[in-house]
Amino acid sequence: MRVFISLAIAALLASCAPATSYRDAYFRSSDISEEQGVAAFGEPDEYTEWLFSLAVEADRGNWEKVAELTASDRKSEIGTYYHNLANAMHGCLADSLMHYYQPFERGLFLPMGEKESRFVMAQAGEVWWQLGELTMAEHHTILGMIFSPSQSGERYIRRLAEINLAKGDTRAAEKYIRLLDGPVGDYWRSRAPLAPKTDVLHSATDVRTPLLMLLEANPANLMAYEYLLCYDLLTKDIAAFVRDFVPGKKSSRLFEEAALIYMASSGNTGEEWIDHFSVNYDTYLEFTSFSEAFDRGETLDNLQKSFGDSYWFYYKFAQRNEK
Amino acid sequence: MKNRLLPAILLSLILTACTSSSGDISMFPDYSGATVPCNIAPLNFHYLGAGSGKAVTTFSAGDRSLRIRGREVNIPAEEWEKLKLADTISVSSSLLGDWAIYVSRDSIDRYLTYRLIEPGYEVWDRVEIRERDLSSFEEESIISWEDTGNSCVNCHIHKGRNSMYYIRGPKGAAVLNRDGNITRHQLRRDGMVSGTVYGDLHPDGRWGVFSSNIIIPGFHTLADRRLEVYDTESDVCITDFDSGNILTPGNLARADVLETFPCFSGDGTYIYYCAADSVLLPQDIEKLKYSLFKVSFDSTDGSTGEPVIVWDASKHDASACHPKASPNGKWLLFTVADYGTFPIWHQECDLALIDLRTGTAMPMDAVNSDRSDTYHSWSSNSRWIVFASKRGDGQYGRPYFCHIDEDGNVTSPFILPQKDSHLYEKTLKSYNIPDLGIISSK
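Residues numbered from 1 in each chain as written. Chains lettered and ligands numbered in written order. Predicted model: local features only at pLDDT ≥ 70, side-chain atom pairs only at ≥ 80, totals over all residues.

Peer 1: Can you break down the overall build of chain A residue by residue, with the values?
Peer 2: When its secondary structure is counted, chain A shows 21 helices and one strand. Overall, chain A is about 80 × 45 × 35 Å in size when its C-alpha atoms are taken along their principal axes. Taking as baseline every contact in chain A between residues at least 6 positions apart, the subset at least 24 positions apart corresponds to 53%. (Helix = DSSP H or I, 4+ residues; strand = E, 2+ residues; numbered from the N terminus. Contact = placed C-beta atoms within 7 Å.)

Peer 1: If you had to explain the pairing of strand β7 (residues 88-93) of chain B to someone new, which residues and values would you point to?
Peer 2: Residues and elements named next belong to chain B. Pairing analysis gives four bridges linking strand β4 (residues 56-61) to β7, with the strands arranged antiparallel. Each bridged residue has a counterpart across the sheet, and for Ser 60 the counterpart in β7 is Ser 90. Across six bridges, β7 lies against strand β8 (residues 97-104) in antiparallel orientation. Pairing of Thr 88 across the sheet is with Tyr 102, part of β8. A loop of three residues connects β7 with β8, the two strands running antiparallel in sequence. (Pairing = 2+ DSSP bridges.)

Peer 1: Quick one: what's the story with the environment of B:Thr232, residue by residue and with numbers?
Peer 2: By secondary structure assignment, the location of B:Thr232 is in strand β18 (residues 227-240). For B:Thr232 and B:Ala388, which are 156 residues apart along the polypeptide, the C-alpha to C-alpha distance reads 26 Å.

Peer 1: So what about the nonpolar core? Which residues, and what values?
Peer 2: Ranked by internal contacts, the top residues of the largest apolar core, which has 104 residues, are B:Tyr272 and B:Ala320. Beyond its immediate stretch of four places on either side in the chain, B:Tyr272 contacts B:Pro262, B:Cys263, B:Ser265, B:Leu292, B:Lys294, B:Val310, B:Pro323, B:Ala325 and B:Leu332. (Core = buried A, V, L, I, M, F, W, Y, C linked by C-beta atoms within 7 Å. Buried ≥ 20, exposed ≤ 12 C-beta atoms within 10 Å, placed from the backbone.)

Peer 1: Go over the sheet that holds strand β3 (residues 45-48) of chain B with me, naming the residues and quoting the values.
Peer 2: Hydrogen bonds between backbone atoms are what pair the strands of a sheet, whose relative direction is either parallel or antiparallel. Here three strands make up an open sheet; going across it, the order is β1-β3-β6 (chain B) and the pairing antiparallel. The sheet is open, and its two borders are formed by β1 (26-28) and β6 (72-73) of chain B, each paired with just one other strand.

Peer 1: Summarise the sheet that holds β4(B); cite the residues concerned and give the values.
Peer 2: Residue and element names in this part refer to chain B. Taken together, the five strands give an open sheet; going across it, the order is β2-β8-β7-β4-β5, and neighbouring strands pair in mixed fashion. Lying at the two open borders of the sheet, with one neighbouring strand each, are β2 (35-37) and β5 (64-69). Taking the axes of each pair of neighbouring strands and ignoring which way they run, one obtains an average angle of 25° across the sheet. (Axes fitted to C-alpha atoms, helices over the stretch in contact; angles between N-to-C directions.)

Peer 1: Residue-level account of the packing of helix α10 (residues 134-146) of chain A against helix α11 (residues 154-167) of chain A, with values.
Peer 2: Residues and elements named next belong to chain A. Contact pair α10 / α11: the axes reach a minimum separation of 10 Å and the direction vectors enclose 160°. In terms of orientation, α10 lies roughly antiparallel with respect to α11. Crossing hand, α10 versus α11: left-handed. For the pair α10 and α11, the contacting residues are Leu 134, Ala 137, Glu 138, Thr 141, Gly 144 and Met 145 in the first and Tyr 156, Arg 159, Leu 160, Ile 163, Ala 166 and Lys 167 in the second. Here the contact of α10 with α11 is built from residues that sort into seven nonpolar, two polar and three charged. (Parallel < 35°, antiparallel > 145°, perpendicular 65-115°, else oblique. Left-handed = near helix turned anticlockwise from the far one by under 90°. Nonpolar A, V, L, I, M, F, W, Y, C, P; charged D, E, K, R; others polar.)

Peer 1: Describe the environment of B:Pro282, and please don't skip the residues or the numbers.
Peer 2: Tracing the backbone through its elements, the reader meets B:Pro282 in the loop between β21 (270-277) and β22 (291-298). Between the C-alpha atoms of B:Pro282 and B:Arg115, which are 167 residues apart in sequence, the distance is 28 Å. Ignoring any residue separated from it by four or fewer positions in sequence, one finds B:Pro282 in contact with A:Leu201, B:Gly218 and B:Tyr230.

As structure tokens, then:
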């Protein structure tokens, strides 16, 4: 009995010992040995330590820390993904969007495929989990586990347990819970009510359908609403933005700027459209300045200096890097 | 979060270890009442629940007896061989009472192949096909990612002394083993919608019947439905492995019909397959319902007759997949789901059995569960089937076996025994497409 208690206390102390780096913490939660880690991610360096810090702090739910870690724009898809997600968790995705590198929609929903890195694959499910889309969250979590060097890991198993608890699939959840060292926690309860109630079949690359279904189930899911409109705008689909926009649902300078592009191109410039999109007069004046500068052939550098953080600049000049 | 709460968990464990509790006792796997083949490996299991460490389990058969103490009931192979000589093994458990294991004199094909794969798709990593010797716990890789440059390998099939599997991708091929002679085949010709996908080998080894499919994966927004796969185009073709010719009969490749999942009858004189009228996809996926058809097949020249319906989807308001004819020609086993052509995530999917002599549907209630039961295979003596079932956790497919007698009576299924009876709790891979074979595919 004394031996048992001593062993238990030793285990307690070991479990409480902090990881020495984010890399260590990530490897530990993903059941990756150092040898596997070096083979998959290379030797430790500042950049990969930063990548692991994003995944670890997001996994812990420390979104303020994630925002802090991504404050400096490193012009990377994964950095933007976490920056956007941290902002979304604070309800300011749209307001912050144009102040940061945006690789089109790839900073909202990480691409999955043979060309993507294992690390990217492993992180792609986080946004779906936070949005409440359980099918996509589960699918991406399983893929993340498949592409983890160890094809296992506590972080994936715990997430799968949470997803299945949120779904109400207790048998599946029990499968994963039995593999865990500790309890799951209660966060999954907040995801359960968000799940879509209508069944629509969609492809893996179709993100609009699950977002629309999330909103149909829960119009108050403002995170899904922001992601939907930001997806429309980052893909330069103004028509979709106009269809998806709900007056008074959420105000953002970003939406005003996009609305002005629509109004200018469609000729729908009446008072009713101003009210519909809640366009402020100051925004209108600045749009006028941008349009005049653009029309008179102002240089790209000058336009960027004056309007670089505007959606208008993005809409006119952002180009996909096909590489 | 894990580190802060783990101490509390350990503390509670310390406290409960000092107390006694009756709790519920159970066993896993549950082999009570199972009918097993005479050449199966030991049925190791373990007890669950407080106090299960004190279990005493006694196996008796004839004048032989074996007593095992403790939670883990691992039967020594030599003792198991002796016990199996009897038709009935009586089991007495100090915790769960008495039950019996029935040993059928019908043996099962020695080898079971399956693909170990996570229950997800779209991209893959480290896929392999493994072969298990059912008379022992020996298992080895037939083909793995290390052999294929991490290409996908799938759709392995056996027929007598022949077998086949695919290596997908740019350097892939259909790898055919005809009685020990290994050949690679490119099974695609101009006009086919794709290379071959699902198929079966003719008993004579010369012919193969395959489908070619444009396969589209999809995701349900309703979380409990998870994944769906459907074909936008599919046709059936026939391959002559001697000449390399691929035949594409017009009545098996109609533009407005989705033909798929072909198989030969036991004597090779018929081809069974599934077919459904095309619908708008993915919007009308729930209207996509496949019927079962058969056409005559002439193995002298590969010619086929006209389709005859065997099972009408419209009459059952359901969809059939994966027809597999028993080698003795008596039975057709297939799966039935509410709709579609990919039942693995359909919880309602069940196995169905037809008597080919009378067209009668045979009762399968003893076999089916409340989760998908699919991907079945016959033993060469038509007495055993194996199928992948998601009963249990509902996520991971496991191989289950059941016996079918000459009248079509089926026994309750039992799970593939493992040396470590905890393996199914630990593994995060499904046993995909379990397939029985009389010779090793290695």
